[in-house]
Amino acid sequence: MPYFIDIIIPIPLQKLFTYSITKAEAEFLKIGMRVSVPFGKSKIYTGIVARIHNNPPTTYEAKEIHQILDEGPIVNEKQLQLWQWIANYYMCTLGDVMRAALPSAFILESETIITKHKKLIDESILLDDEFLVYEALQHQSSLKIHDISNILDKKNVLPVIKRLIEKEVIAVEEEIYEKYKPKLVRYVKLHAQFASQSALQKLLEDLSRAPKQHQVVLTLFSISAKTKKPVKVADLSTESGASSSIIKSLIDKGVLEEYFIQTDRVQYSGDDNEDSKSLNDYQATALTEIKESFKDQSVVLLHGVTSSGKTEVYVKLIEDVLNKGQQVLYLLPEIALTAQLITRLQNYFGEQVAVFHSKYSSHERVEVWNHVLNNSAKAQIVLGARSSIFLPFNSLGLIIVDEEHEQSFKQFDPAPRYHARDTAVVLAHIHNSKVLLGSATPSLESYFNAKQNKYGFVEITKRFNDVLMPDVELVDIKDALKKKRMKGHFSDRLLEEMTETLREGHQIILFQNRRGFSPIVECHTCGHSPQCPNCDVSLTYHQYRDQLRCHYCGFVEIMPKTCKACGSPELDNKGFGTEQIEAEVKLLFPDYKVARMDLDTTRGKYGYEKIITALEQQEIDILVGTQMLTKGLDFRNVKLVGIMNADNMLNFPDFRAHERSFQLMLQVSGRAGRTEERGKVLIQTYNPHHNILQQVSTNNYIDMYNEQMNDRYNYKYPPIYKQIKITLKHKDFSRVDTASIWYAKSLRNVFGDNILGPESPPIARIRNQFLKNILVKIPKKQSLSKTKEAIIKINNSFLNVKDFRSVKVILNVDNF
Ligand code: ADP
Ligand code: ZN
Ligand code: ZN
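Definitions and limits used
Residues numbered from 1 in each chain as written. Chains lettered and ligands numbered in written order. Predicted model: local features only at pLDDT ≥ 70, side-chain atom pairs only at ≥ 80, totals over all residues. Heavy atoms only, no water. UniProt positions renumbered as here; feature names shortened; annotations may be inferred. Helix = DSSP H or I, 4+ residues; strand = E, 2+ residues; numbered from the N terminus. Rg over C-alpha atoms; globule rule 2.2 N^0.38 Å. Buried < 20%, exposed > 50% of the residue type's maximum accessible area, 1.4 Å probe, protein only. Areas by Shrake-Rupley, 256 points an atom, 1.4 Å probe, with all protein chains shown as cover. Lys, Arg positive; Asp, Glu negative; His and termini not counted. Charge placed at Lys NZ, Arg CZ, Asp CG, Glu CD. Near = heavy atom within 4 Å. Polar contact = N/O pair within 3.5 Å; in protein donor to acceptor, adjacent residues only side chain to side chain. Nonpolar A, V, L, I, M, F, W, Y, C, P; charged D, E, K, R; others polar. Contact = heavy atoms within 4.5 Å. Pairing = 2+ DSSP bridges. Donors = N, O, S within 2.8 Å, 3.2 Å for Na, K, Ca; no water. Tetrahedral: all angles 85-135°; square planar, octahedral: opposite > 155°, others 65-115°. Axes fitted to C-alpha atoms, helices over the stretch in contact; angles between N-to-C directions. Phe/Tyr/Trp six-rings, centres within 6.5 Å; stacked < 30°, edge-to-face > 60°. Lys NZ or Arg CZ within 6 Å of the ring centre and 35° of its normal. Parallel < 35°, antiparallel > 145°, perpendicular 65-115°, else oblique. Left-handed = near helix turned anticlockwise from the far one by under 90°. Salt bridge = Lys/Arg side-chain N within 4 Å of Asp/Glu carboxyl O.

Looking at an unreviewed UniProt entry, one finds the chain named Replication restart protein PriA and attributed to Mariniflexile fucanivorans. Per UniProt, the chain carries the Function (unreviewed entry) text "Initiates the restart of stalled replication forks, which reloads the replicative helicase on sites other than the origin of replication. Recognizes and binds to abandoned replication forks and remodels them to uncover a helicase loading site. Promotes assembly of the primosome at these replication forks."

Here's what the structure looks like:
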């Protein structure tokens, strides 16, 4: 009987590819293992086994696989189930999902190179197949894995290679495995022969003539007595003051023994765990209600005002789940938040907390992956950004989605364009576990689901410690300008409050939703403003480097001295970003420390941590930042929050702009006065009567919800209708124009009025590609899967039109 496997390859193919395997391979292989396979004329890919069967493909002849890369599955069946759901729901391929789901170290990209080990070996220790490889290496300096396959005439050569490495016959110079190198730390201990009291006594006497060595041994004792943990060579050297050569001589003498432990990069160095806090009445009630709700709901929304102590409630739920021996996934919108939370959770749960996000290297991600796969004690709680839904959980008990309203849970580019919150609900379903969504400003989607009883619903309406919600004041800058009461971008009211706050020794956060110095540079004489050559946007001026930059494609040029159109030297700045605010604050408050937190200042792995820690340690008096500041951070001494300009958020051309402005402003306000003293928030605006601003100033979520839902009803927007956005891209405008008209017309034939567009988006060209959007609105009654089938059909005929083949089509389900 012939044997076949269907393979997922990390490229966007509509179907799985079938390869033929031998009977022995069929017996060895399991679903979720990696194999490397030839593809096309010369390519080799790492694929994941999705099915093992006996049916040859009908339209092509199955090729043989190259080799088997694992001895056991690295992806479990629950993950594959989730991948399949994502591919179907978000209309992408399994290959797209695989790319997003696996740390890149798992994906074979080049061939492994094997070389001879320098050591001389005793040939008699080699088994037959090992000897063949060894012999071949006497004639050739290196071999690739497929050469070895040929020599041995079998595909699964990895076990042989592994043994040869262990016997130090060969070395692997490779990309496949060694892309992932566990970090090893050197430890020492006293040799077992000195375990007895008398032997030890004798050793110390012998060493008395070598005082430095004597000291090392004594220090080793005192460190282990103190920490009761393995002693690192590095620590021993620092504490005893002995050089590493002295320690080495003790090792050579056989007094000390060295050994290595694989350490994980996210290290926890604290001691015993702290007990979790006892909850106040509101929290305790919420906890009981959540547990009650979980009895018949798999998802519960916790709407708790900022600083109500939601995190402490999560901690209680986590304790329960851990006690049952299950894993917890704690999703955060962005890594900006993790710094504070890691510490908080590690205080309670110590080493059980693992962190997983994109700023970690591939090595570090593989480590967490393996811990989760093995259900290791070190990854019982995974704290992570959206991609952590792809980890190989096997007994997930609870998923917490903190700040569930955050749009960054949705992946924008590339495919899979998944929403981690919604995917988490599916993941939980696969594991038969629970999801808690938490927010002070829930998304309309989740709140709507709660109202429809699709989700359970629990509220905390009071801040912890009965701290009052901050006092929000709207400042009319139109009026202030008229009365000449503005200094730069600061109203007199804001300056007064800032002065007062600083005098009392409190800290200030200033929020401006744009980075850079000014988003538009305009010639005073002819009105020309520098545009990005690749995108239809104005360039943003960054004063720090005296550059103009495009925030869409990364284009950079030196700020010109004169207008490029008319040569006039009079260039004006219009609008303002964080950089300009920072510069103004420094002039206005020269005696205080000012810092800035935005994409430009937080690059690098610990970029956020540094700024957040400095604020916590009160090394910063005034922090200027973008929405990064809004994400659930907990600062004790911040009393005043200033929102520099509410209007550009409110006027953003998007149906969610109002909802988002509300969330953003309420969240950033929530950073003020979190302990004891009531905080103050000043919002500067040209339009203080705007309903959203009124709702923010009275902390009225319900009014906001009702008003916005009304609009969503009237204009058929989510969550009332579902929607799929189809974006077409091409470097030639007329091509994409014709193509989008064709596409929209075909859709209209099926869906009638529920198709909007094609339309050019507000930024009609990005990276030299012209864009056109088409919106498919899907009433609740209409079958989602049938709708998608129809779209795929149209998409396929579209791709068959010769002229359209070069047009890129992006399908974005539940677009944000
Ligand atoms: P939220 O996540 O709702 O904004 P947090 O969980 O960050 O609120 O809590 C706000 C502050 O109150 C934190 O500093 C937290 O340590 C403190 N806090 C919350 N609950 C308790 C409690 N039960 N006992 C002591 N302190 C608490
Ligand atoms: Zn000009
Ligand atoms: Zn650009």
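It is worth spelling out the overall build of the chain at this point. From N to C terminus, the chain includes 26 helices and 37 strands. Since a compact globule built from 816 residues should have a radius of gyration of about 28 Å, the 31 Å found for the chain is in line with a globular shape. Along the longest, intermediate and shortest principal axes, the C-alpha atoms of the chain span 95 × 75 × 65 Å. Here the chain, with 816 residues, has 54% of them falling under the buried criterion. When the accessible surface of the chain is totalled, it reaches about 37700 Å², and 50% of it is carbon and sulfur. Distance between charge centroids for the chain: 4 Å, based on 104 positive and 98 negative side chains.

Residues in close proximity to ligand 1 total 17 residues, the closest being Gln283, Ser307, Arg344, Asp634 and Arg636. Glycine 309 is positioned with one of its backbone polar atoms (N or O) 3.0 Å from an oxygen atom of ligand 1. Interatomic distance of 2.8 Å between a side-chain N/O atom of arginine 344 and an oxygen atom of ligand 1. Burial of ligand 1 by the protein amounts to 87% of the accessible area it has alone, namely 560 Å². With three residues, helix H12 (residues 310-323) is the largest single contributor of residues to the shell around ligand 1. Taken together, the residues that form the shell around ligand 1 break down as three nonpolar, seven polar and seven charged.

Turning our attention to the side chain of glutamine 297. With respect to the helices and strands, the residue glutamine 297 is situated in the loop between helix H11 (281-294) and strand E13 (299-304). Discounting residues that sit within four places of it in the chain, glutamine 297 has contacts with Lys434, Asn453, Lys454, Tyr455 and Gly456.

What follows concerns the sheet that holds strand E3 (residues 34-39). Strand order in this open sheet of six strands is E5-E2-E1-E4-E3-E6, and the pairing throughout is mixed. Among the strands making up the open sheet, the edge pair consists of strand E5 (63-64) and strand E6 (67-68). For strand E2 (residues 17-21) and E5, the ladder comprises two bridges, and the chain directions are parallel. Its bridge partner being in E5, tyrosine 19 is matched across the sheet by lysine 63.

Once that is clear, we can look at the coordination of the zinc ion (ligand 3). Taken together, Cys532 (SG), Cys535 (SG), Cys550 (SG) and Cys553 (SG) make up the protein donors of the zinc ion (ligand 3), found 2.2 to 2.3 Å from the metal. Around the zinc ion (ligand 3), the four donor atoms are arranged such that angles at the metal cover 103 to 113°; this shape is classified as tetrahedral. What makes cysteine 532 buried here is its relative accessible area of 2%. A relative accessible area of 1% means that cysteine 535 is categorised as buried.

A few words now on the UniProt feature "binding site: Zn(2+) 1" (unreviewed entry) in the chain. Under the UniProt annotation, "binding site: Zn(2+) 1" (unreviewed entry) lies at Cys523, Cys526, Cys563 and Cys566. Spanning 44 residues, the named residues form one tight spatial group whose C-alpha atoms are at most 8.5 Å apart. With respect to the helices and strands, the residue cysteine 563 is situated in the loop between strand E27 (556-558) and strand E28 (571-574). Beyond its immediate sequence surroundings of up to four residues, cysteine 563 is in contact with Cys523, Cys526, His528, Ser568 and Leu571. Counting through the fold element by element, cysteine 566 comes out in the loop between E27 and E28. Every residue in contact with cysteine 566, bar those within four places of it in the chain, is listed here: Cys523, Thr525 and Cys526.

Moving on to the sheet that holds E27. Spatially, three strands are ordered E25-E26-E27 in an open sheet, and the strand pairing comes out antiparallel. Looking at strand neighbours, the two that pair on one side only are strand E25 (540-542) and E27, the edges of this open sheet. Across the sheet, the axes of successive neighbouring strands diverge by a mean angle of 30°, strand direction being ignored. Here three bridges tie E25 to strand E26 (residues 547-549), and the two strands are oriented antiparallel to one another. Within E26, the position partnered with threonine 540 by the bridge is arginine 549.

For the structure on display, the rule yields 23 aromatic pairs. Within the aromatic cluster, the residues linked to one another by ring pairs are Phe17, Tyr19, Phe39, Tyr45 and Tyr60. Over the face of the ring belonging to tyrosine 717 we find lysine 777, whose NZ or CZ atom lies 3.8 Å from the ring centre. The ring of tyrosine 89 carries lysine 788 above its face, with NZ or CZ at 3.8 Å from the centroid.

Surrounding the zinc ion (ligand 2) are the protein donor atoms Cys523 (SG), Cys526 (SG), Cys563 (SG) and Cys566 (SG), at 2.3 to 2.4 Å. Each donor residue of the zinc ion (ligand 2) lies on one chain, and together they are spaced C-x2-C-x36-C-x2-C.

On to the packing of helix H4 (residues 128-139) against helix H5 (residues 145-152). Where H4 contacts H5, the two axes come as close as 10 Å, and the packing angle between them is 125°. The angle between H4 and H5 falls in the class oblique. Here the hand of the crossing between H4 and H5 comes out right-handed. Together, Asp129, Leu132, Val133 and Ala136 of H4 and Ile148, Ile151 and Leu152 of H5 make up the contact between the two elements. A per-class count over the contact of H4 with H5 returns six nonpolar, no polar and one charged.

A complete count under the given rule lists 32 salt bridges for this structure. Of the charged contacts in the structure, one is a salt bridge between lysine 680 and glutamate 473, with a shortest N-O distance of 2.7 Å. Of this pair, lysine 680 sits in strand E32 (residues 680-685) while glutamate 473 sits in strand E20 (residues 471-476); the two residues are 207 residues apart in sequence, bridging distant segments of the chain. Taken individually, lysine 680 and glutamate 473 each receive the classification buried, so the pair is uniform in this respect. Arginine 765 is the salt-bridge partner of aspartate 536, the closest N and O atoms lying 3.0 Å from each other. Taken as a pair, aspartate 536 in the loop between strand E24 (520-523) and E25 and arginine 765 in strand E35 (residues 765-766) lie far apart in primary sequence, 229 residues in all. Judged by its relative accessible area of 35%, aspartate 536 falls in the partly exposed class. In this structure, a network of salt bridges that share partners links the residues Asp471, Glu473, Arg493, Glu496, Glu497 and Lys680.

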